[in-house]
Amino acid sequence: MNDQTKPQRSRTEIIKENSNYLRGTILEGLVDPITGAISEDDTQLLKFHGSYQQDDRDLRQERRKQKLEPAYIFMVRVRATGGIVTPKQWLDLDHIARTYANGTIRLTTRQSFQLHGVLKRNLKQTMKEVNATLLHTIAACGDVNRNVMCNPNPYQSELHGEVYEWANKIADFLLPRTRAYYEIWLDEKPVVRSPDVEQEPIYGRTYMPRKFKIVIAVPPSNDVDVYAHDLGFIAISDGNSLAGFNVAVGGGMGMTHSEPETYPRLADIIGFCRPEQVIEVTEQVVKIQRDFGDRANRKHARLKYTIDDRGVDWFKDELESRLGWQLEPVRLFEFTDNGDRYGWVKGTNGKWHLTLFVENGRIQDTDDFPIMTGLREIAKVHKGDFRLTPNQNLIIGNVGTKQKPKIDAMVEEYKLNDLEHRSALRLNSMACVALPTCGLAMAESERYLPSLITKLEDVMMEAGLRDDAITLRMTGCPNGCARPYIAEIGFVGKSIGHYNVYLGGGFTGDRLGKLYREGITEGKILAELTPIIKHYAKEGEKGEHFGDFVIRKGYVKAVKAGREFHA
């Protein structure tokens, strides 16, 4: 094959191929004292190890004036399948955050932990201490399968327990096989290997074309937003036990402003598989995307584009050809919501589980809400576990009946369950991190959304809608980490103080929103949304959700397919 006929590849593909299975020169870069950064190529590889190189953007301009390099910092993402950790692990993460990071813990929209503000000189020790607590950061980022999400409470029913076990099996099965992580961060002695030895039987030498995300939903709750991910399994029960899974493929949230060839997409349900078939289905779906995903244009490299370019029927035929058997017909199911249920619930094991609201997932102390201290003190006495929800909230899980009064008293002491003063709109909101740490952010999100909600709450209160749980989400860029494109009201940052406003997403996460206003500021946001909210209060039908109302009244058109998103 000559140079003219060789397929084009992005620079990232070449970096991966030449990295010696994700090693690169990361180890050498960590000990370079001249800079607080690592090399540009290694920043791409570092993601596979669970870390992003960033800089404090609040300080960027001032440091530039002083002719200093950016204030480089690193984000470390800790994987926990289904978002479950022990009290000991919680205390260890709390210690790591206060010792090496910025003193806070971030609960992500995909049931992971993020530690922000780690300096390069502390990065290796941070990774070591995460591993010492029997957690890890392997493949928390990068062009591989990320954290596998599922309902965080396996004791909600026997079905939930089975689903959690399958989530763990899928996550373990898809972990990268390279020993690079252990050599770089845990000082494992390298083993001399022939370069021809196959080290990644699933991913291959260049891994996936882009990130890959898997979730398992348990109806009637779609808390994981199953349609927003590359591969989703919808658990189908047979009485109290697991009959199998409907298989959904091709979801994804990311897009790029002013590039209509990029768009969010909802997954298609293509069939049903038995529990014992789920690993095989997972493997072949991943391998199809590995083999056919776009490796030239990273903006076109997710599974959603592979499927749209070739068709759902093509994908199903390719999958069944590789499997050697056919998926069964889709089984009936129903979703009723995609939010969290707050307060205490009793599990099948006779123990109690308390869901707490954590605004935008940030664990930090404030004068009104000393959540970090409170959870630290609870972890010292708690005998159960902690569970991260897909909505950035936290469950204090497996509390015994005798211990429940003590946990209740500590929750009250640290003001951790003050739902009375929080509207349903706030309780059903999410935001990504954005500024000052995310290098992709175009606008504020986590730091700004609470104040915007306060203003919207006044409108909701006046309209008599304080208890109406409209789904509201905000991101600081169009990549969609907080899944704003399936929210009933979605805000996506376009520049500092300016947001695109999307309306009409499905309350259960089954419909995309539609662009309503582009690049508007807070005053215009309030001016535009106030009459719509009041109209909804006045003419909304009984049980009608806000997203359905704005479509019925013609504010926006319903969007079911990604290719209709910009139409």
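Everything below is about the structure shown above.
Conventions and cut-offs
Residues numbered from 1 in each chain as written. Predicted model: local features only at pLDDT ≥ 70, side-chain atom pairs only at ≥ 80, totals over all residues. Heavy atoms only, no water. Core = buried A, V, L, I, M, F, W, Y, C linked by side-chain atoms within 4.5 Å. Buried < 20%, exposed > 50% of the residue type's maximum accessible area, 1.4 Å probe, protein only. Helix = DSSP H or I, 4+ residues; strand = E, 2+ residues; numbered from the N terminus. Contact = heavy atoms within 4.5 Å. Axes fitted to C-alpha atoms, helices over the stretch in contact; angles between N-to-C directions. Parallel < 35°, antiparallel > 145°, perpendicular 65-115°, else oblique. Left-handed = near helix turned anticlockwise from the far one by under 90°. Nonpolar A, V, L, I, M, F, W, Y, C, P; charged D, E, K, R; others polar. Disulfide = S-S within 2.5 Å. Expected span 1.5 Å × (residues − 1). Phe/Tyr/Trp six-rings, centres within 6.5 Å; stacked < 30°, edge-to-face > 60°. Lys NZ or Arg CZ within 6 Å of the ring centre and 35° of its normal. Pairing = 2+ DSSP bridges. Polar contact = N/O pair within 3.5 Å; in protein donor to acceptor, adjacent residues only side chain to side chain. 1 Å grid on protein atoms, 1.4 Å probe; cavity = no way out; pocket = protein on both sides within 12 Å on 5 of 7 lines; lining within 4 Å. Points joined across faces, edges and corners; volume = space filled by probe spheres on them.

**Q** With reference to specific residues and values, describe the nonpolar core.
**A** Generally speaking, soluble globular proteins have nonpolar side chains that are buried together. Grouped together as the largest cluster of nonpolar side chains are 98 residues, with contacts concentrated most on Trp90, Phe113, Phe233, Phe245, Leu375 and Ile396. For this core, the leading source of residues is helix H7 (residues 158-173), giving seven residues. Residues contacting Leu375, with those up to four places away along its chain left out, are Trp90, Leu356, Ile363, Phe386, Leu394, Ile396 and Leu416.

**Q** How would you explain the packing of helix H12 (residues 371-381) against helix H13 (residues 404-413) if you had to name every residue and give the values?
**A** Taken N-terminus to C-terminus, the directions of H12 and H13 make an angle of 165°; their axes are 10 Å apart at the nearest point. Classed by the angle they form, the pair H12 and H13 counts as roughly antiparallel. Of the two elements, H12 crosses H13, and the hand of that crossing is right-handed. Between H12 and H13, the contacting residues are Glu377, Ile378 and Val381 on the first element and Lys406, Ile407, Met410 and Val411 on the second. Along the lines of polarity and charge, the residues of the contact of H12 with H13 split into five nonpolar, no polar and two charged.

**Q** Quick rundown of the state of the cysteines? Include the residues and the values.
**A** The tally for this structure, following the rule as stated, stands at zero disulfides. Free of any disulfide, Cys481 has its nearest neighbouring cysteine sulfur in Cys432, separated by 6.2 Å. Of the residues examined, Cys481 reaches a relative accessible area of 43% and is grouped as partly exposed.

**Q** Give a description of helix H9 (residues 278-292) that names residues and reports values.
**A** An ideal rise of 1.5 Å per residue puts 21 Å on 15 residues; H9 measures up with 21 Å between its terminal C-alpha atoms. For H9, a buried count of eleven out of 15 residues is recorded, marking the element as mostly surrounded by other parts of the structure. Considered for burial, the residues of H9 that qualify are Val278, Val281, Thr282, Glu283, Gln284, Val285, Val286, Lys287, Ile288, Gln289 and Arg290.

**Q** Hey, could you go over the packing of aromatic side chains for me, with residue numbers and the actual values?
**A** Taken as a whole and assessed by the stated rule, the structure comprises 20 aromatic pairs. Both rings, one in Phe292 and one in Trp314, keep their centres 5.0 Å apart while their planes meet at 80°; by these two values the pair is edge-to-face. Note that Phe292 is positioned in helix H9 and Trp314 in helix H11 (residues 312-323), a separation of 22 residues in sequence. On the basis of an interplanar angle of 55° and a centroid distance of 5.3 Å, the ring pair of Tyr536 and Phe549 is categorised as tilted. Separated by 13 residues along the polypeptide, Tyr536 in helix H16 (residues 522-539) and Phe549 in helix H17 (residues 546-552) bring together distant segments of the chain. Members of the aromatic cluster, connected to one another through ring pairs, are Phe48, Tyr203 and Tyr207. The ring of Trp314 carries Arg310 above its face, with NZ or CZ at 5.4 Å from the centroid. For Lys404, the ring lying beneath its charged end belongs to Trp344, and the centroid distance is 4.8 Å.

**Q** Please provide a residue-by-residue account of the sheet that holds strand S7 (residues 231-238), values included.
**A** Read from one edge of the open sheet, four strands run S6-S7-S8-S9, paired in mixed fashion. Where the open sheet ends on each side, the last strands, each with one partner, are strand S6 (214-217) and strand S9 (268-273). Here the strands of the sheet are splayed against their neighbours by 25° on average, with no regard to which way each runs. Across the sheet, H7 touches S6, S7 and strand S8 (241-249), and the angle it forms with S8 is around 50°.

**Q** Please provide a residue-by-residue account of the sheet that holds strand S18 (residues 498-503), values included.
**A** The five strands lie next to each other as S15-S16-S17-S18-S19, forming an open sheet whose pairing is mixed. Looking along the sheet, the strands with just one partner apiece sit at the ends: strand S15 (429-431) and strand S19 (514-520). On average, adjacent strands in this sheet sit at an angle of 15° to one another, irrespective of strand direction. Note: S15 against strand S16 (residues 472-475), three bridges, orientation parallel. Residue pairing across strands places Ser429 opposite Leu472, the latter belonging to S16. Across the sheet, helix H15 (residues 449-462) touches S15, S16 and strand S17 (489-495), and the angle it forms with S16 is around 145°.

**Q** Got a sec to walk through the side chain of Glu446? Specific residues and values, please.
**A** Structurally, Glu446 is set in the loop between S15 and H15. The class of Glu446 is buried, set by a relative accessible area of 10%. Among the polar contacts listed, one links the side chain of Glu446 to the side chain of Arg362, at a separation of 2.7 Å. In this structure, Glu446 is in contact with Arg106, Asn360, Arg362, Ala431, Cys432 and Val433, ignoring residues within four places of it in sequence.

**Q** Outline empty space enclosed by the protein, supporting the account with residue identities and numerical values.
**A** For the structure on display, the rule yields three cavities of 30 Å³ or more. Considered as a void within the structure, the largest cavity measures approximately 100 Å³ in volume. Taken together, 13 residues form the lining of the largest cavity, with Lys213, Ala228, Met253, Gly480 and Arg483 sitting closest to its centre.

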